[in-house]
Amino acid sequence: MRIGLVTADATEAARMRRLLRADSRQTLIWIASNEKEAIGRMREDPPDALLLSQNCGTPPASIVKSIMRSTPCPIVLITQSIDANAATIFDALGAGAIDVLPLTDEMDDRAAEAALNSKLRVMRSLSRAQPKQPEAVRKTSNGKFGRLVLLGASAGGPAALANVLAALPENFPAPVIIVQHLDQQFAAELTSWLAQQARLPVRLARDNEVMQPGTIYMPGRDAHLVQVDRVVERLDE
């Protein structure tokens, strides 16, 4: 996998070069220090994936939008802090970035390399994935269509979810459940960000909660949401 990197921090650039060198399946082909240079590099030598640091002198969402307009590419945002940068992170995800990589100065190279490789594995699998035909809508056992909407998303999902939720009217007649493949630590921040995009209320699901029409629910932790007759029966770890 050929990787591009955007960062204005020389120390971070050296660290990422070192981390990427540890795995022969990926190669760092160039480093850009600002938006203008990144756009030029993308056009001259498009990578298979782009690592975009928050240390780039420009709001990451702006760079993501420019790249997705001119030379679309899977983009992973690198951040020092999730809590301190939640708004910036979800602006970038909403613009088209597919994932976030938390890398703090306190992480040693072994932990940072493991975190980086987990994100790159997802991108490699996405590049090999084949699109599937959607299955036909099935009727319930009583012959009626169930009034429940389930939205599932993986890498790149927040941007698509924001578009879908923004289009739902305030009188939407069914509960909506969202299952988004994203680090557990982002659950509360993602819920808050999606609530700003939607006209319907967005909330974290709770055990034994009766789901209401016109409400959007998300699992609040790294769990499977078990739903029976519009009741969140449990959240299985």
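What you see is a predicted model, and the numbers here were worked out from it, not measured in a lab.

*Asks:* In this structure, what is going on with the overall build of the chain? I would like to understand it.
*Replies:* Secondary structure summary: the chain contains seven helices and 12 strands in total. Buried positions account for 44% of the 237 residues belonging to the chain. Within the chain, contacts between residues separated by at least 24 positions form 63% of all contacts whose residues are at least 6 apart in sequence. About 12700 Å² of surface is accessible on the chain, with carbon and sulfur atoms providing 49% of the total.

*Asks:* Any chance you could explain the sheet that holds strand β3 (residues 49-53) here in plain terms?
*Replies:* The strands that make up a sheet pair up through hydrogen bonds in the backbone, lying either parallel or antiparallel. In spatial order, the strands read β2-β1-β3-β4-β5; together these five strands make up an open sheet with parallel pairing. Looking at the sheet topology across the chains shown, the edges are occupied by β2 (27-32) and β5 (99-102). Averaged over all adjacent pairs, the angle separating strand axes in this sheet is 25 degrees, with direction ignored. Here strand β4 (residues 75-79) runs beside β5; their pairing, made up of four bridges, is parallel. Bridging from a neighbouring strand, Thr79 pairs with Pro102 of β5. The strands that helix α2 (residues 35-44) touches are β1 (2-6), β2 and β3; relative to β2, the one it contacts most, it runs at about 140 degrees.

*Asks:* I would appreciate a short explanation of the side chain of Asn117 in the present structure.
*Replies:* In this fold, Asn117 is placed in helix α5 (residues 109-128). Note on Asn117: relative accessible area 9%, which makes it buried. Of note is the side chain of Asn117, whose polar atom sits 3.1 Å from the side chain of Gln26. Look past the residues within four positions of Asn117 in its chain and what remains in contact with it is Asp23 and Gln26.

*Asks:* Even after reading the chapter, I still don't get the pairing of β5, so can you show me in this structure?
*Replies:* Side-chain direction in a regular strand flips from residue to residue, so the side chains alternate between the two faces of the sheet. The alternating pattern of β5 places Asp99 and Leu101 on one face and Val100 and Pro102 on the opposite face, and all of these are buried. In this fold, β4 hands off to helix α4 (residues 86-95), which returns the chain to β5; that crossover is right-handed.

*Asks:* Would you mind going over the pattern of salt bridges with me for this structure?
*Replies:* Where charged atoms from two side chains of opposite charge approach closely, those side chains can pair. With the rule as written, the count across this model stands at six salt bridges. The closest approach of N and O atoms between Asp45 and Arg2, which form a salt bridge, is 2.6 Å. In this pair, Asp45 sits in the loop between α2 and β3 while Arg2 sits in strand β1, placing the two residues 43 residues apart along the sequence. For the salt bridge of Glu209 with Arg206, the shortest nitrogen-to-oxygen distance reads 3.8 Å. Among the residues examined, Glu209 registers a relative accessible area of 8% and is labelled buried. Note on Arg206: relative accessible area 47%, which makes it partly exposed. Put simply, Arg203, Arg206 and Glu209 are held in one network by salt bridges that share partners.

*Asks:* When you look at the nonpolar core in this model, what are you seeing that I'm missing?
*Replies:* Generally speaking, nonpolar side chains in soluble globular proteins are found buried as a group. Formed by 43 residues in total, the largest nonpolar core has its most connected members in Val6, Leu50, Leu52, Leu165, Ile178, Leu194 and Ile216. When residues in this core are grouped by element, the largest group, five residues, is from α4. Beyond its immediate stretch of four places on either side in the chain, Leu52 contacts Val6, Pro60, Ile63, Val64, Ile75, Val76, Leu77 and Ile78. Ile3, Leu20, Leu101 and Leu103 belong to the second-largest nonpolar core, a separate cluster that totals 17 residues.

*Asks:* What is the right way to look at the pairing of β1 in this model?
*Replies:* A large share of β1 lies buried, amounting to four of its five residues. With helix α1 (residues 10-21) bridging β1 and its parallel neighbour β2, the resulting β-α-β unit is right-handed. Pairing analysis gives four bridges linking β1 to β3, with the strands arranged parallel. If you follow Val6 over to β3, its bridge partner there is Leu52.

Criteria and thresholds
Residues numbered from 1 in each chain as written. Predicted model: local features only at pLDDT ≥ 70, side-chain atom pairs only at ≥ 80, totals over all residues. Heavy atoms only, no water. Helix = DSSP H or I, 4+ residues; strand = E, 2+ residues; numbered from the N terminus. Buried < 20%, exposed > 50% of the residue type's maximum accessible area, 1.4 Å probe, protein only. Contact = heavy atoms within 4.5 Å. Areas by Shrake-Rupley, 256 points an atom, 1.4 Å probe, with all protein chains shown as cover. Pairing = 2+ DSSP bridges. Axes fitted to C-alpha atoms, helices over the stretch in contact; angles between N-to-C directions. Polar contact = N/O pair within 3.5 Å; in protein donor to acceptor, adjacent residues only side chain to side chain. Right-handed = clockwise from strand over helix to strand, strands pointing away. Salt bridge = Lys/Arg side-chain N within 4 Å of Asp/Glu carboxyl O. Core = buried A, V, L, I, M, F, W, Y, C linked by side-chain atoms within 4.5 Å.

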